[in-house]
Amino acid sequence: MSRRPYIRPVSKVSWWLSQPRYIRYMAREASCIFIGAYSGVLVVGLIRLSQGAAAWGAFLETLQSPVSIAFHLFALAFALYHTTTWFNVTPKAMPLQFGQTPVPGGAIIGAHYLGWILVSGLILFLVGV
Amino acid sequence: MAVSNKPIIWLLFAAGGTFAAFVTPVLIFITGLALPSGLLPAEALAYDRVLAVAQTQIGKLVLFAVVFLPVWHAAHRLRITAHDFGIRADAFVKYICYGLAATATVISAIALFSI
Amino acid sequence: MSNRIVELEILRYNPETDEEPKFQTFSVPCAEDWVVLDAINYIKDELDRTLSYRWSCHMAVCGSCGMMINGEPMLSCKSFLRDLPDRIRVEPLTNFPIERDLVVVMDDFMDKLDSVKPFLIPREEKTVDEGEFLQTPAQLSKFKQYTLCINCTLCYAACPQYAHNEGFVGPAALALAHRYNLDSRDVGRSARADVVASNAGIWECSFVGACSEVCPHGVDPAAAIQQTKIASSVDYFRDMLIPGRRS
Ligand code: FES
């Protein structure tokens with residue numbers, strides 16, 4: 001009787017294609033590329049704002065180009081995916097319990113969505129839509 | 001083994017993720033769709049108006065948070081995602097990701113400070 | 001006995017003769033209420049006595065019969081054939097070395113489980129005569145779900161971070177550490193932190209969440225790990241601000 005344990009190879013690169021749940025996970029993680037890139041857009045915006053009216057005007061002009069709109073559409077899709085995946089796990093990370101009764105996860109998630117709608121509405125109102 | 005110092009970066013990741021979840025979609029909607037489509041009145045993002053906001057202390061603070069927190073969230077997640085895609089040069093990836101985030105943080109601070 | 005014939009493709013590996021594992025297919029006539037383990041027992045009894053696998057309780061309690069069933073980590077005694085197609089692929093749990101056929105090497109998990117001190121560390125020891133440590137139902141309800149873990153390691157088979165980060169302590173062990181950290185009778189949190197809050201502990205987790213999805217007892221290791229991240233971060237900053245709190 002000799003022991004010779006066999007270790008099955010796993011792909012470092014494509015492991016996540018093996019199950020739908022891993023693909024969903026990677027989509028969630030990929031949202032960071034768009035969150036990061038959009039932050040880049042905002043950083044550029046701040047620089048342009050500090051450079052004066054003409055620079056700011058050019059920045060707004062660029063935002064209206066087809067390339068910019070296409071980028072924003074993708075970014076919005078991933079940002080929304082980030083929002084839902086982030087809110088949906090809040091009861092796991094921060095469960096609430098009063099005495100013996102845990103607050104139902106749905107209530108914690110719902111409160112986040114409610115807050116999200118309020119914050120988004122407030123921002124839209126302040127900007128003037 | 002020793003207790004990790006990851007809490008520093010993780011706290012930025014978590015705060016940034018929360019911030020991004022709440023405000024990033026609506027901001028993208030504003031700059032990327034409402035503005036080009038004309039849904040947003042032209043004067044809404046006029047130079048004088050935005051400048052006035054960026055000149056107040058609270059305005060600076062909010063704009064800074066909106067930019068720098070999601071950046072650190074994205075940077076930390078990107079580092080992990082690189083590993084998930086099989087890139088094992090974590091020491092290098094770490095410097096790139098956090099370096100970019102630090103650069104964005106400093107630049108936006110300077111830009112806001114000079115306004 | 002119904003006439004349903006199920007084809008079981010089983011990954012076989014004999015360390016004495018095989019270079020690598022290969023699939024072998026068995027046709028099994030099965031009854032309506034059978035689980036996959038029943039079909040495997042049929043093979044062992046009637047078709048091929050050399051087949052090696054682990055099982056004991058046949059009622060989802062002992063945690064020894066975990067296998068990959070059509071790619072999903074499951075307890076074979078809890079997987080009903082009526083919920084599965086006529087061709088079923090059975091493999092040993094992924095992320096573990098194969099000892100023989102469906103038997104995997106558990107040593108790494110055992111070491112990691114041990115490393116988090118998964119037992120009560122009371123403030124002071126009590127003899128049996130001194131009586132029990134009291135606990136209210138509210139205190140119990142804080143950690144009760146985590147006591148349901150049966151160490152079946154399905155969560156390790158589901159966890160990509162365990163697969164790709166050799167030292168990672170992994171879901172079940174971290175969930176059990178959390179279970180004791182939450183226990184009102186326990187004071188072992190800082191003793192566990194060296195492993196739990198190390199780079200190889202909770203911080204290796206990227207919250208894939210697969211562990212919780214595959215748990216046969218509804219334990220939520222992913223939640224336990226995120227909660228530990230928050231608690232450890234609070235500890236970390238408190239220790240930083242109040243020097244000498246932790247030596
Ligand atoms: S045989 Fe005990 S859990 Fe399946």
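Residues numbered from 1 in each chain as written. Chains lettered and ligands numbered in written order. Predicted model: local features only at pLDDT ≥ 70, side-chain atom pairs only at ≥ 80, totals over all residues. Heavy atoms only, no water.

Draft legend 1. How the structure looks around the packing of aromatic side chains. Inspection of every chain in the model, using the stated rule, returns 22 aromatic pairs over all chains. When the centroid spacing of 5.5 Å and the interplanar angle of 50° are considered together, the rings of Tyr6(A) and Tyr13(C) count as tilted. With Tyr6(A) in the segment before α1 (20-50) and Tyr13(C) in the loop between β1 (5-12) and β2 (22-29), this residue pair bridges two chains. The exposure class assigned to Tyr6(A) is buried, which follows from its relative accessible area of 18%. Each ring, one from Phe64(B) and one from Phe68(B), has its centre 4.7 Å from the other, and the planes form 15°; the classification is stacked. Of this pair, Phe64(B) and Phe68(B) both sit in helix α3 (residues 57-84), 4 residues apart, which is roughly one turn of the helix. Given a relative accessible area of 21%, Phe64(B) falls into the partly exposed group. Members of the aromatic cluster, joined through ring pairs, are Phe34(A), Phe71(A), Phe74(A) and Phe78(A). Arg82(C) extends its terminal NZ or CZ atom over the ring of Phe80(C), reaching a point 4.4 Å from the ring centre. (Phe/Tyr/Trp six-rings, centres within 6.5 Å; stacked < 30°, edge-to-face > 60°. Helix = DSSP H or I, 4+ residues; strand = E, 2+ residues; numbered from the N terminus. Buried < 20%, exposed > 50% of the residue type's maximum accessible area, 1.4 Å probe, protein only. Lys NZ or Arg CZ within 6 Å of the ring centre and 35° of its normal.)

Draft legend 2. Region of the structure containing α1(A). The first and last C-alpha atoms of α1(A) sit 46 Å apart over 31 residues, in line with the 45 Å expected at 1.5 Å per residue. Positive phi shows up at Gly52(A), right after α1(A), with a value of about 115°. (Expected span 1.5 Å × (residues − 1).)

Draft legend 3. How the structure looks around the interface of chain B and chain C. Between chain B and chain C, the residue contacts involve 14 residues of the former and 18 residues of the latter. Buried area between chain B and chain C, summed over both chains or domains, comes out near 1,400 Å², and the portion from carbon and sulfur atoms is 67%. Its largest share of buried area at the contact with chain C, chain B owes to Met1(B), Val3(B) and Trp10(B), together 39% of the area lost on that side. At the junction of chain B and chain C, the tally comes to 0 salt bridges. Counting across the chain B and chain C interface gives 5 residue pairs in polar contact (both at pLDDT 80 or more). Elements that contribute at least two residues to the side of chain B that touches chain C include exactly α1 (7-37) and α3 of chain B. Element by element, the count of residues in the side of chain B that touches chain C is highest for α1(B), at 4 residues. Class assignment for the residues of the side of chain B that touches chain C results in 8 nonpolar, 3 polar and 3 charged. (Contact = heavy atoms within 4.5 Å. Buried area = accessible area lost by both parts, 1.4 Å probe. Salt bridge = Lys/Arg side-chain N within 4 Å of Asp/Glu carboxyl O. Polar contact = N/O pair within 3.5 Å; in protein donor to acceptor, adjacent residues only side chain to side chain. Nonpolar A, V, L, I, M, F, W, Y, C, P; charged D, E, K, R; others polar.)

Draft legend 4. The arrangement of the environment of Thr83(A) in detail. Tracing the sequence through the fold places Thr83(A) in helix α3 (residues 66-88). With 52 residues separating them in the primary sequence, Thr83(A) and Ser31(A) have C-alpha atoms 9.8 Å apart. Once residues lying within four places of it in the same chain are set aside, the contact partners of Thr83(A) are Trp116(A), Ala20(B), Ala21(B) and Pro25(B).

Draft legend 5. Highlighting the sheet that holds strand β4 (residues 72-75) of chain C. Residues and elements named next belong to chain C. Spatially, β2-β1-β5-β3-β4 is the arrangement adopted by the 5 strands of the open sheet, whose pairing is mixed. The strands lining the two open edges of the sheet, one partner per strand, are β2 and β4. Recorded for the sheet is a direction-independent mean angle of 35° between the axes of neighbouring strands. Taken together, the 2 bridges between strand β3 (residues 66-69) and strand β5 (residues 87-91) define a ladder with antiparallel strand orientation. Its bridge partner lying in β5, Ile69 is registered against Val90. Where helix α1 (residues 36-47) meets the sheet, it contacts β1, β2, β3 and β5, and its direction lies at approximately 95° from that of β2. (Pairing = 2+ DSSP bridges. Axes fitted to C-alpha atoms, helices over the stretch in contact; angles between N-to-C directions.)

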